[in-house]
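Working through the structure, step by step
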Amino acid sequence: MGVDDGENSAKGNSGAEDDFTDEDLRLGRKACKYIDLLCVIVALLSVGIAGFVFTHVPWDTRMPYDGRFDRSGNGIPMQMAMLIVFVVLFLFWRSGRKPDAHRMRKGSRIGTYILGTVMILACFAGQWVMGQSILTAGGYFGN
C-alpha cells in the first residue's frame, strides 16, 4: 500500500479503490438492489396516487401556492406538481445504477439503508401530501 505501482500512479489512484473485500462488494450490491426495489415500489405507488388525482379533479386544477415566487397568484399546474416526485425518484434510482455504486463499506451501507429509505419514503409522503392538496383545490372533498 505504501508504494504505488506505475499503473495506479499514472491514473492518479493510490490503490484505495481496490481495497474492497468480496464481502463489501456483495453487501454493497445487496444495498443497491434494496434501494432500486424501494424506488420502483414508491414510483408505482406514486403513479397510483397521480392517476387517482388526475381522474378525480378537473385537468386545469392548480397546486395552491401563496409564496413570494409566484407573482400571478395562480399556483403551478397539478401535472407539474405531481411530476416532481418522479424526477427525484428517477435521479435517486439512477445514482444507484452507476457501475461503481456497489463499492461501499459498512458505514456507507448503513447510511444507504437508513438515509436512502428515509429519502424515498419522504418522496412518497410528499406525493401523498401534494395529492391531498390538489384534491382539496379541485373540490374532490366537497368543501
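The structure this text deals with has already been given above.
Report follows, based on the coordinates. (Residues numbered from 1 in each chain as written. Predicted model: local features only at pLDDT ≥ 70, side-chain atom pairs only at ≥ 80, totals over all residues. Heavy atoms only, no water.)

**Focus: the overall build of the protein chain**
Let me state the cut-off plainly: Counting from the N terminus, the helices are the DSSP runs of H or I reaching at least four residues and the strands are the DSSP runs of E reaching at least two. Residue exposure (1.4 Å probe, protein chains only): buried if accessible area is under 20% of the type maximum, exposed if over 50%, otherwise partly exposed. In this analysis, two residues are considered to be in contact whenever any of their non-hydrogen atoms come within 4.5 Å of each other. A 1.4 Å probe and the Shrake-Rupley method give the accessible areas. Residues count as covered only by the protein chains that appear here.
Secondary structure summary: the protein chain contains four helices and two strands in total. Across the protein chain, helices and strands are ordered from the amino to the carboxyl terminus as α-α-β-β-α-α. The buried share among the 143 residues of the protein chain stands at 29%. Look at the contacts in the protein chain between residues 6 or more apart in sequence, and 79% of them connect residues 24 or more apart. In the structure as shown, the protein chain presents an accessible area of about 9500 Å², 63% of it carried by carbon and sulfur atoms.

**As for the packing of helix α3 (residues 78–95) against helix α4 (residues 106–137)**
Which entries qualify depends on this criterion: Here an angle of 0 to 180 degrees is reported between the N-to-C directions of two axes, which are lines fitted to C-alpha atoms, with helices fitted over the stretch in contact. Our angle categories are set so that under 35 degrees counts as roughly parallel, over 145 as roughly antiparallel, 65 to 115 as roughly perpendicular, and the remainder as oblique. When residues are grouped by polarity, Ala, Val, Leu, Ile, Met, Phe, Trp, Tyr, Cys and Pro land in nonpolar, Asp, Glu, Lys and Arg in charged, and all others, Gly among them, in polar.
Packing of α3 against α4 leaves a shortest axis separation of 10 Å and a crossing angle of 170 degrees. When the interaxial angle is binned, α3 and α4 end up roughly antiparallel. Two secondary-structure elements touch here, α3 through Met78, Ala81, Met82, Val85, Phe86, Val88, Leu89 and Phe92 and α4 through Gly116, Met119, Ile120, Cys123, Gly126, Gln127, Met130, Gly131 and Ile134. A breakdown of the residues in the contact of α3 with α4 according to their chemical character gives 13 nonpolar, four polar and no charged.

**Quick word on the packing of helix α2 (residues 22–56) against α4**
Angle between the axes and distance between the axes are the two parameters that describe a pair of packed helices. The N-to-C vectors of α2 and α4 enclose an angle of 0 degrees; their axes lie 10 Å apart at closest approach. The angle between the axes of α2 and α4 places the two elements in the roughly parallel class. Partitioned by chemical class, the residues of the contact of α2 with α4 number 18 nonpolar, eight polar and three charged.

**Structural notes on the nonpolar core**
This is how it is decided: Nonpolar cores were defined as sets of buried Ala, Val, Leu, Ile, Met, Phe, Trp, Tyr and Cys residues, with membership established by side-chain atoms within 4.5 Å.
One finds Val53, Val57, Met82, Leu89, Ile120, Met130 and Ile134 to be the most contacted residues of the largest nonpolar core, which totals 19 residues. Taken together, the elements giving at least two residues each to this core come down to α2, α3 and α4. At seven residues, α2 tops the list of elements feeding residues into this core. In this structure, valine 53 is in contact with Met78, Met82, Gly131, Ile134 and Leu135, ignoring residues within four places of it in sequence.

**Description of a nonpolar patch on the surface**
Formally: A patch consists of residues whose relative accessible area exceeds 30% and which take part in no salt bridge; residues with like charges are grouped when within 9 Å of each other, and nonpolar side chains (Val, Leu, Ile, Met, Phe, Trp, Tyr) when within 5 Å. The rule for a salt bridge is simple: a side-chain nitrogen of Lys or Arg has to be within 4 Å of a carboxyl oxygen of Asp or Glu.
A grouping of Ile76, Met80, Leu83, Ile84, Val87, Val88, Phe90 and Leu91 is seen on the molecular surface, where their side chains present a nonpolar patch of about 710 Å² in accessible area. Here the element with the most residues in the nonpolar patch is α3; it accounts for seven residues. Within the secondary structure, isoleucine 76 sits in strand β2 (residues 76–77).

Such coordinate-based values are descriptive only and should not be taken to indicate function.
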